[in-house]
Amino acid sequence: PEWQQHGYVINYTVPGDTLHENGLPARYKPSVFDRLHDRGRSTMMLASKEKFILFDRSYSAGNGAPDAEGVDHGRDKIDFALVKDGDSSLLLSVLIARMTEDFPAYTFLHIFDPDSAGHLNGWGSLSWQLGVKHADSMIELLLAALELRPALKATTALVVTSDHGGGVPWWTHVDPAHWEN
């Protein structure tokens, strides 16, 4: 299918919600999980923000699309998912423990610490700065774990992205007209 954005704008957990029935347009939204899983590659998602359960639910056996390529690998596009609200360190431990020969072809890891601290105490606050330092230290640990596994390191691309670094008003980002949001 042609490229499309998900159009999902709800910024909190809605039980039972999927990307497909909401957002614009309201139709199945293929993902990187589809592309890899349908080609027989394994996937993993680790997130420390509860609302990210939306992704596991959207690409589950009940809501994922039928396999679009060759052999049918099923509709559940995320082979292993763990969403643990507020515990980024646990997720990193799980990720490192799973760095074996059968490590997934694609792993999505979400570290919530700076975003959570920014919303709670304001961006630039000491709490936010500590959240950024904690996220940075977890990336350092991930890189060190890869150093200890040369074969895995040779076949791994690490893409690091971030959530927003602030917003208007100071603790949120509810004004869509403001450039910082």
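Let us look at the structure shown here. All values reported here derive from a predicted model rather than from experimental measurement.

Parameters at a glance
Residues numbered from 1 in each chain as written. Predicted model: local features only at pLDDT ≥ 70, side-chain atom pairs only at ≥ 80, totals over all residues. Heavy atoms only, no water. Helix = DSSP H or I, 4+ residues; strand = E, 2+ residues; numbered from the N terminus. Rg over C-alpha atoms; globule rule 2.2 N^0.38 Å. Contact = heavy atoms within 4.5 Å. Areas by Shrake-Rupley, 256 points an atom, 1.4 Å probe, with all protein chains shown as cover. Lys, Arg positive; Asp, Glu negative; His and termini not counted. Charge placed at Lys NZ, Arg CZ, Asp CG, Glu CD. Pairing = 2+ DSSP bridges. Axes fitted to C-alpha atoms, helices over the stretch in contact; angles between N-to-C directions.

## Brief notes about the overall build of the chain
- Secondary structure assignment for the chain yields six helices and three strands.
- Helices (α) and strands (β) of the chain occur, in sequence order from the N terminus, as α-β-α-β-α-β-α-α-α.
- On C-alpha atoms alone, the chain measures out to a radius of gyration of 18 Å, which is about the 16 Å that the 2.2 N^0.38 rule sets for 181 residues.
- Overall size of the chain, expressed as C-alpha extent along the three principal axes, is 50 × 45 × 25 Å.
- In the chain, once contacts between residues fewer than 6 apart in sequence are set aside, the share between residues at least 24 apart is 62%.
- When the accessible surface of the chain is split by element, carbon and sulfur atoms take 59% of a total near 10,700 Å².
- Both charge centroids of the chain, one from 15 positive and one from 24 negative side chains, sit 3 Å from each other.

## Some points on the sheet that holds strand E1 (residues 43–47)
- The strand order across the open sheet formed by three strands is E2-E1-E3, and the pairing between neighbours is parallel. The open sheet is flanked by strand E2 (80–83) and strand E3 (106–110), the only strands paired with a single partner. The mean angle between the axes of side-by-side strands here comes to 5°, regardless of whether they run parallel or antiparallel.
- Sheet analysis places E1 next to E2, joined by four bridges and oriented parallel. Note on E2: the bridge partner recorded for Met-45 is Ala-81.

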